[in-house]
Amino acid sequence: MIDRYINNGALKTNYNGPQWQLYLDSIIKICPNIAIAYQLKAIPFIKFGDYATAMPLEDKAVELDPQNWTAYRGFLKCIFTKDYKGSIIDFQNAQLLTPNGGEMDHTYLFFEGLCNLELGNYNKAVENFRQDIFIQTKGDSAKESDIHYNTSFYFGILYYEMNDNKKAKEFLLKCLRKYKQHPEANFYLAMVYKREKNFDLMHKYLKIAKESLSKNYSLNEDNTIYVNYPHQISLNIIIEEEMK
Amino acid sequence: MDTAFSSLPFPCEDKNVMYYQIGAKYPESSLSILKHAQAFTSNYNAFSGSGYITFRFIVDCTGKILTRIQVLQTDENYKKYYFEKGFVNLLYAFLKKMDKWEIARINDREVPLAYHAFITFKIQNGKIVNIIP
């Protein structure tokens, strides 16, 4: 059934076309308990702002197969609909269902940290990112190079928001050691130096951020083609800073 | 809402292409749009409600939004909901001021192709708190 309607059906078509929905409606009609059919059916809706259609389908997928789809729904709430409180609930449930699992190249704690950062729950976010790093390095400080650059980036942003310039620089520089063109890490490092009134270094990092964005470097997450990540910047923000 | 129809200028074609298929996400970050939207709406009366107001539309091959707009509204639990008409109209007025839409490009060359795009305003207690995408 899955081969016929999904693997050799919907997945052979464009999800923005009518055949995609036809295949998925067919399998749902015949067998309404296949979670992935609902998740796939929701894709074009979530990517085009139709949340009233998309989210009940995601809910159904989670209801039918919570182990596989709870973290994914948490990801959608964090990145696509900016429902940070709802996302935290999903990732905490996912942690119970599939402990220390991952979603979209990150641990559940990464997304929980990101949501707490955006909600202003800074102490919780610190704890989340520490645990995220612990999972990535397996608690071995010698494995610091295993830490994802966007963990370091958002940890740096967190300390920037907490007015801790020293730690903000430490983590943003860690991110840049791994990915020197990271536009956002360069930009927010410039903002830390601005706060310290170190205008030479501010302009140095603004210049790198601008050049990196102009060459189409990004914070390098798969879904930025559809939606902006928290604290993602654009060229006009850098230009406004340069002109201040 | 606005049901006026505006057709595509020749030789622009609508082949049902989405903004993300041609890398045409609005070139300003959500943070930047949010700042401008909050400034634009700051002088108006207080509104109420929490959830999402989405405008879906077509961008023609000169980078202009067609006035054929679809408006979708939900509460914060993604259930259908209707915000005050004045609020929706105010956000629509802001949308019409967004004038940096990309022109469709394939392999770095401009092509006479319209594309479908959207902007969602996330609302909390009548205030804009986030922009999607």
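Further up the page is the structure itself.
In this numbering scheme, every chain counts its residues from 1 along its sequence in written order. Just so you know, chain letters begin at A and ligand numbers begin at 1, following the order they were written in. In keeping with the model being predicted, local features are shown solely for residues with a pLDDT of at least 70 and side-chain atom pairs are shown and tallied solely at 80 or more, while totals for entire chains, interfaces and linings include all residues. The basis for the side-chain values is all heavy atoms of the structure; hydrogens and waters are excluded.

Student: Tell me about the overall build of chain B, and name the residues and values.
Tutor: Secondary structure is summarised from DSSP: a helix means a run of H or I of at least four residues, a strand means a run of E of at least two, and numbering begins at the N terminus for each. Helix and strand counts for chain B come out as 2 helices and 7 strands. Of the regular secondary structure in chain B, the N- to C-terminal order runs β-α-β-β-α-β-β-β-β. All radius of gyration figures rest on C-alpha atoms, and the globule criterion is 2.2 Å times the number of residues raised to 0.38. In summary, chain B has a C-alpha radius of gyration of 15 Å against a globular reference of 14 Å for 133 residues, a match within 12%. Its C-alpha atoms give chain B principal-axis dimensions of about 45 × 30 × 30 Å. Relative accessible area decides the class of each residue, using a 1.4 Å probe on protein chains only: under 20% of the type maximum gives buried, over 50% gives exposed, and in between gives partly exposed. Expressed as a percentage of the 133 residues in chain B, the buried residues total 50%. Contacts in chain B between residues far apart in sequence, at least 24 positions, make up 71% of those at least 6 positions apart. Contacts are assigned to residue pairs that have any heavy atoms within 4.5 Å of one another.

Student: I'd like a description of helix 9 (residues 149-161) of chain A, backed by residues and values.
Tutor: Residue and element names in this part refer to chain A. An expected span of 1.5 Å times one less than the residue number is assigned to each helix. With 13 residues, helix 9 ought to run about 18 Å at 1.5 Å a step, and its terminal C-alpha atoms sit 18 Å apart, in line with that. With 12 of its 13 residues buried, helix 9 lies for the most part within the structure. Considered for burial, the residues of helix 9 that qualify are Y149, N150, T151, S152, F153, Y154, F155, G156, I157, L158, Y159 and Y160. As for helix 9, its buried residues are in contact with strand 2 (106-107), helix 7 (108-119), helix 8 (122-137), helix 10 (165-178) and helix 11 (183-195). One or two positions beyond helix 9, positive phi appears at N163, with a value near 60°.

Student: Describe the packing of aromatic side chains, with residues and values.
Tutor: Residue and element names in this part refer to chain B. Pairing of aromatic rings covers Phe, Tyr and Trp, the last counted by its six-membered ring, and requires centre-to-centre distances within 6.5 Å; plane angles under 30 degrees mean stacked, over 60 mean edge-to-face, and any other angle means tilted. According to the stated counting rule, one finds 38 aromatic pairs over all chains in the structure shown. Ring geometry for Y19 and Y20: centres 5.1 Å apart, planes at 80°, overall edge-to-face. Between F94 and F121, the ring centres sit 6.1 Å apart and the planes meet at 75°, which makes this aromatic pair edge-to-face. Of this pair, F94 sits in helix 2 (residues 85-97) while F121 is found in strand 6 (residues 113-124), placing the two residues 27 residues apart along the sequence. On the basis of relative accessible area, F94 is assigned to the buried category, the value being 7%.

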